[in-house]
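One letter stands for each residue in the lines below.
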Amino acid sequence: MGTAGTPIGPDFLGRPTLAVAEELLGQHLCRKLDGETQRHLITEVEAYDGPQDKACHAHKGRTPRNAVMFGPAGHWYVYLCYGMHWLLNIVTGPEDYPAAVLFRGIRETPGPGRLTKRLQINKEQNQQPATPTTRLWLEHSGHNIAADDIERTPRIGIDYAGKPWVDVPYRFVLHGV
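Residues numbered from 1 in each chain as written. Predicted model: local features only at pLDDT ≥ 70, side-chain atom pairs only at ≥ 80, totals over all residues. Heavy atoms only, no water.

Caption draft 1: Spotlight on the overall build of the protein. The helix and strand inventory of the protein stands at three helices and nine strands. Ordering the α and β elements of the protein from the N terminus gives α-α-β-β-β-β-β-β-α-β-β-β. On C-alpha atoms alone, the protein measures out to a radius of gyration of 15 Å, which is about the 16 Å that the 2.2 N^0.38 rule sets for 177 residues. Expressed along its principal axes, the backbone C-alpha trace of the protein runs to roughly 40 × 35 × 30 Å. A buried classification covers 50% of the 177 residues belonging to the protein. A separation of at least 24 residues holds for 62% of the contacts in the protein among residues at least 6 apart in sequence. When the accessible surface of the protein is totalled, it reaches about 8500 Å², and 51% of it is carbon and sulfur. The protein carries 19 positive and 19 negative side-chain charges, and their two centres are separated by 7 Å. (Helix = DSSP H or I, 4+ residues; strand = E, 2+ residues; numbered from the N terminus. Rg over C-alpha atoms; globule rule 2.2 N^0.38 Å. Buried < 20%, exposed > 50% of the residue type's maximum accessible area, 1.4 Å probe, protein only. Contact = heavy atoms within 4.5 Å. Areas by Shrake-Rupley, 256 points an atom, 1.4 Å probe, with all protein chains shown as cover. Lys, Arg positive; Asp, Glu negative; His and termini not counted. Charge placed at Lys NZ, Arg CZ, Asp CG, Glu CD.)

Caption draft 2: Geometry of the packing of aromatic side chains. By the definition in use, this model includes three aromatic pairs. Geometry around phenylalanine 12 places arginine 15 over its ring, the cationic atom sitting 4.5 Å from the centre. (Phe/Tyr/Trp six-rings, centres within 6.5 Å; stacked < 30°, edge-to-face > 60°. Lys NZ or Arg CZ within 6 Å of the ring centre and 35° of its normal.)

Caption draft 3: Up close: the state of the cysteines. By the definition in use, this model includes zero disulfides. The thiol of cysteine 81 is unpaired, and the distance to the nearest cysteine sulfur, on cysteine 56, comes to 14 Å. The class for cysteine 81 is buried, based on a relative accessible area of 18%. (Disulfide = S-S within 2.5 Å.)

Caption draft 4: Examining the pairing of strand 7 (residues 136–139) more closely. Burial along strand 7 is two-sided: Leu136 and Leu138 and Trp137 and Glu139, pointing in opposite directions, are all buried. Two elements, strand 1 (residues 28–33) and strand 7, share four bridges in a ladder whose sense is antiparallel. Bridged to histidine 28 within strand 7 is glutamate 139. (Pairing = 2+ DSSP bridges.)

Caption draft 5: Looking closely at the environment of isoleucine 158. Considering the arrangement of structural elements, one finds isoleucine 158 in the loop between strand 8 (150–153) and strand 9 (171–174). C-alpha of isoleucine 158 to C-alpha of glutamate 36: the two residues are 122 residues apart in sequence and 36 Å apart in space. With sequence-adjacent residues up to four places away left out, isoleucine 158 is seen in contact with Tyr48, Ala55, Trp165 and Val166.

Caption draft 6: The arrangement of the nonpolar core in detail. Membership of the largest hydrophobic core comes to 49 residues, with the highest contact counts inside it found for Leu24, Leu29, Trp76, Leu88, Ile90, Phe103 and Leu138. Listing elements by their share of this core, those giving two or more residues are helix 1 (10–13), helix 2 (17–24), strand 2 (36–49), strand 3 (76–81), strand 4 (85–91), strand 5 (99–106), strand 7 and strand 9. Beyond its immediate sequence surroundings of up to four residues, isoleucine 90 is in contact with Leu13, Leu24, Gly74, His75, Trp76, Ala99, Ala100, Val101, Phe103, Ala130 and Leu138. (Core = buried A, V, L, I, M, F, W, Y, C linked by side-chain atoms within 4.5 Å.)

Caption draft 7: Broad picture of the environment of proline 112. Assignment of secondary structure puts proline 112 in helix 3 (residues 112–118). Take proline 112: its relative accessible area is 13%, and that puts it in the buried class. Taking the C-alpha atoms as reference, proline 112 lies 9.1 Å from glutamate 44; in sequence the two are 68 residues apart. Beyond its immediate stretch of four places on either side in the chain, proline 112 contacts Trp86, Leu87, Leu102, Phe103 and Arg104.

Caption draft 8: Seen up close, the environment of glycine 162. The topology assignment puts glycine 162 in the loop between strand 8 and strand 9. For glycine 162, a relative accessible area of 23% gives the class partly exposed. Separated by 108 residues in sequence, glycine 162 and lysine 54 have C-alpha atoms that sit 7.7 Å apart.

Right, dumping it as structure tokens:
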């Protein structure tokens, strides 16, 4: 892992999505609002891994909505869910392989819709690079996360994907930190 306070960039995010998802636990999701930088400990994420993953938005190919997923790692994919909640994802893996990690929770705020509401995230962040200059980025926290502190479970709310996708353990939850 990187040094505490160091931004997480494409080298980290361009790796296989499941590895990135697990290793994002315990890192910081950073947001600059009203001139103040907030650092939030990432406690829950889900991986969406390529066109074969029937829960992934890119399963049926490239669309205007998911086009950012086909681009370089380290860009935000923000979309509106059920017409009411913005959801935040970071693009991972190699370019042209559509994959992303959904942020489901930070220490103080469980739930992906609550997270984006708290951090004032909406369509304006979609397709932006995850860098301090865009006021929304990821940072190494310096925490050493033990494997025993991570729980893997099936993802939430993807019944539409069918078997075996509803049962794959692509959700990662951090406990004990």
